[in-house]
Amino acid sequence: QVQVVESGGGLVQAGGSLRLSCAASGRTFSASTMGWFRQAPGKERECVAVISWSRGSTYYLDSVKGRFTISGDNAKNTVYLQMNSLKPEDTAVYYCGYGSIWWRRREYADEYDYWGQGTQVTVSS
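Notes on the structure follow. (Residues numbered from 1 in each chain as written. Predicted model: local features only at pLDDT ≥ 70, side-chain atom pairs only at ≥ 80, totals over all residues. Heavy atoms only, no water.)

Attention shifts here to unusual backbone geometry. With phi around 50°, N77 is a residue other than glycine that occupies positive phi space. On the secondary structure map, N77 appears in the loop between β7 (68–73) and β8 (78–83). Backbone geometry at S85 places phi at a positive 50°, although glycine is not the residue there. Mapped onto the elements of the fold, S85 is located in the loop between β8 and β9 (92–99). According to the relative accessible area criterion, S85 is partly exposed, its value standing at 40%. (Helix = DSSP H or I, 4+ residues; strand = E, 2+ residues; numbered from the N terminus. Buried < 20%, exposed > 50% of the residue type's maximum accessible area, 1.4 Å probe, protein only.)

As a further point, take the sheet that holds β8. Read across the sheet, four strands follow the order β1-β3-β8-β7 without closing on themselves; strand pairing throughout is antiparallel. Every other strand in the sheet has two partners, leaving β1 (2–7) and β7 as the edge strands with one partner each. Sheet twist, expressed as the average angle between the axes of neighbouring strands with direction ignored, equals 15°. With six bridges joining them, strand β3 (residues 18–26) and β8 adopt antiparallel strand pairing. The residue of β8 that forms the bridge with R19 is Q82. (Pairing = 2+ DSSP bridges. Axes fitted to C-alpha atoms, helices over the stretch in contact; angles between N-to-C directions.)

So, in structure tokens, the structure goes:
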């Protein structure tokens, strides 16, 4: 089993910044992919950013490009999401997913094997 734990959410004013952290532990495996998803009330979970160390690739949702940055430490199975210039529409519960993912399927939540409990991000206007 793999345990995934997120941290770093909170309340921030529009234009502010937050940094989310996610760590995977336990029976972690190589060729892993880690992604950040978010889910707002009444909406489906959407993929925000993904990193694949084996491919050396990252992916971003169009609406967060230029504002959010995903990074991490493969050896520590840790990933971060630096969120700048936050907007009220970024308000959601943010989840970290972990798995061995076909890159072309990176945006699909069902492809990820393990999830954290989520962390709330609230952006006030």
